[in-house]
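Coordinate analysis (summary)
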Amino acid sequence: MSIAKRHLLKSLSWRIIGTIDTFLLSYILTGSMSFGLSISGFDFFSKLFLYYFHERIWFLSKIRNVNKRHLFKTFSWRALGSFTTLIVAWIVTGNPLAGFKIGLVETLTKMILYYAHEKMWYRISFGLIERKSKDV
């Protein structure tokens, strides 16, 4: 199994978790099921693409310390992901304040979820020929 397939599956698993979170936050903060579905639907496809490339770039990273790597990946992805959601929510709702609220709350919830997702995938060897060291 190739590393690219691992990254694709990892991207898809994260997108499912992230989309559920985005839908719930968007629905709760706007009070609109329609906005929640629209924001999370657009987010699903745009971030599936973005996450895959984020994962590919991080695969080339020279950072080998597991905890630092997961932490840095968490912050870099969250910055990109929250900014994307903020813009999408703003466009969908037509309300910049709604976009900022969703983006801000999502920053916290998604960082926690993403860090847990990274830790889970670290334990899975799917798509890896072998780990080069315990710190990869």
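Heads up: the structure comes first, above all this text.
In this report, the structure presented in the accompanying data block is examined.

Let's talk about the packing of aromatic side chains
- Inspection of the entire model under this criterion finds 8 aromatic pairs.
- Centroid distance tyrosine 52 to phenylalanine 53: 5.3 Å. Interplanar angle 85 degrees. Geometry classified as edge-to-face.
- The exposure class of phenylalanine 53 is partly exposed, given its relative accessible area of 42%.
- Of the aromatic side chains, those joined through ring pairs into one cluster are Trp14, Tyr51, Trp77 and Tyr114.

Observations regarding the pattern of salt bridges
- Summed over all chains, the structure comprises 9 salt bridges.
- One salt bridge in this structure joins lysine 73 and glutamate 55, with 3.0 Å as the shortest N-O distance. Residue lysine 73 is located in helix H3 (residues 66-93), and its partner glutamate 55 is located in helix H2 (residues 33-59); the two are separated by 18 residues in the primary sequence.
- The buried category is assigned to glutamate 55, whose relative accessible area is 5%.
- Residues lysine 73 and glutamate 118 are paired through a salt bridge, measuring 3.1 Å at the closest nitrogen-oxygen approach. Of this pair, lysine 73 sits in helix H3 while glutamate 118 sits in helix H4 (residues 96-122), and the two are 45 residues apart along the sequence.
- Residue lysine 73 is classed as buried on the basis of its relative accessible area, which comes to 2%.
- What emerges from the salt-bridge pattern is a single network uniting Asp21, Asp43, Lys47, Arg78, Glu106 and Lys110.

Quick word on H2
- An ideal rise of 1.5 Å per residue puts 39 Å on 27 residues; H2 measures up with 37 Å between its terminal C-alpha atoms.
- Residues Gly36, Ile39, Ser40, Asp43, Phe44, Ser46, Lys47, Tyr51, His54, Glu55 and Trp58 constitute the buried set of H2.
- Packing partners of the buried residues in H2 comprise helix H1 (3-30), H3 and H4.
- For H2, the N-terminal capping position is held by serine 32, with its side-chain oxygen 3.3 Å away from the main-chain nitrogen of serine 34.

A closer look at the side chain of arginine 78
- Topologically, arginine 78 is positioned in helix H3.
- Of the polar contacts made by the side chain of arginine 78, one reaches the side chain of glutamate 106; its length is 3.1 Å.
- Look past the residues within four positions of arginine 78 in its chain and what remains in contact with it is Trp14, Lys47, Phe83, Glu106, Thr107, Lys110 and Met111.

About the criteria used
- Residues numbered from 1 in each chain as written.
- Predicted model: local features only at pLDDT ≥ 70, side-chain atom pairs only at ≥ 80, totals over all residues.
- Heavy atoms only, no water.
- Phe/Tyr/Trp six-rings, centres within 6.5 Å; stacked < 30°, edge-to-face > 60°.
- Buried < 20%, exposed > 50% of the residue type's maximum accessible area, 1.4 Å probe, protein only.
- Salt bridge = Lys/Arg side-chain N within 4 Å of Asp/Glu carboxyl O.
- Helix = DSSP H or I, 4+ residues; strand = E, 2+ residues; numbered from the N terminus.
- Expected span 1.5 Å × (residues − 1).
- Contact = heavy atoms within 4.5 Å.
- Polar contact = N/O pair within 3.5 Å; in protein donor to acceptor, adjacent residues only side chain to side chain.

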